[in-house]
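# Structure at a glance
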Amino acid sequence: MELEGKIFKVLPLQSGTSQATGNAWMSQEYILEYFWFPNQTQPSYICLRVFGEDRIKRFNLQPNDEVKIRFHADAREYEGRWYNELRIDSVKFVGASAGKNEQPKPQGGQQQGTEQNQAAEQPQQQEGGENEHLPF
């Protein structure tokens with residue numbers, strides 16, 4: 001699925017250690033403001049998640065970034081109830097934010113080192129552990 005809109009809010013970073021594998025995990029949620037219908041006067045909002053420190057750094061999403069986001073939906077059952085999760089697969093910066101596609105913004109006002117850039121290009125590791133013990 002794909003949506004185009006503006007990053008309205010960046011929620012706090014979440015991290016932990018998988019009890020099953022002992023591996024560290026990290027995720028961050030973002031609120032995307034978008035207009036579903038062409039004549040819509042009030043925006044709609046959706047919460048999307050990025051899983052993995054490397055992807056969080058690579059996407060480097062900030063409030064007011066104009067983006068086209070490709071994501072997938074997944075649902076999990078916990079105590080007889082089902083919970084949806086929307087995970088970002090890819091980000092393309094559009095409009096005023098389009099320059100971020102070529103030149104990622106350094107975080108914290110410092111230049112990113114070669115090691116950070118190489119880490120961001122590594123494929124995502126297995127996603128184990130984060131949702132093993134619901135609720136979210």
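A few points on the structure. (Residues numbered from 1 in each chain as written. Predicted model: local features only at pLDDT ≥ 70, side-chain atom pairs only at ≥ 80, totals over all residues. Heavy atoms only, no water.)

## Observations concerning the pattern of salt bridges
- For the structure shown, the criterion picks out nine salt bridges.
- One salt bridge connects E2 with R70, and the closest N-O pair in it is separated by 3.8 Å. Linking E2 in strand β1 (residues 2–10) with R70 in strand β5 (residues 66–78), this pair joins segments that are 68 residues apart in sequence.
- R49 serves as the salt-bridge partner of E85, at 2.6 Å between the closest nitrogen and oxygen. Here E85, found in strand β6 (residues 81–93), pairs with R49, found in strand β4 (residues 44–51); they are 36 residues apart in sequence, far enough to count as distant.
- When its relative accessible area of 7% is taken as the criterion, R49 is described as buried.
- Through salt bridges with shared partners, a single network forms among E29, R49, D74, R76, E85 and R87. (Salt bridge = Lys/Arg side-chain N within 4 Å of Asp/Glu carboxyl O. Helix = DSSP H or I, 4+ residues; strand = E, 2+ residues; numbered from the N terminus. Buried < 20%, exposed > 50% of the residue type's maximum accessible area, 1.4 Å probe, protein only.)

## A closer look at the side chain of Q28
- Turning to its location among the elements, Q28 is positioned in strand β3 (residues 24–34).
- A distance of 3.2 Å separates a polar atom in the side chain of Q28 from a polar atom in the side chain of Y30.
- With residues near it in sequence (within four places) discarded, Q28 still touches V10, L11, P12, L13, L48, R49, V50 and I56. (Polar contact = N/O pair within 3.5 Å; in protein donor to acceptor, adjacent residues only side chain to side chain. Contact = heavy atoms within 4.5 Å.)

## Looking at the pairing of β3
- Taking burial as the measure, the eleven residues of β3 include nine buried ones, the bulk of the element.
- Two elements, strand β2 (residues 14–17) and β3, share four bridges in a ladder whose sense is antiparallel. Directly across from Q14, in β3, lies its bridge partner S27.
- Taking the residues between adjacent antiparallel strands as the criterion, β2 and β3 are bridged by six residues, where G22 takes a positive phi near 80°.
- Where β3 lies against β4, eight bridges are found, and the strand directions are antiparallel. (Pairing = 2+ DSSP bridges.)

Bear in mind that shape data such as this cannot, by itself, settle questions of function.
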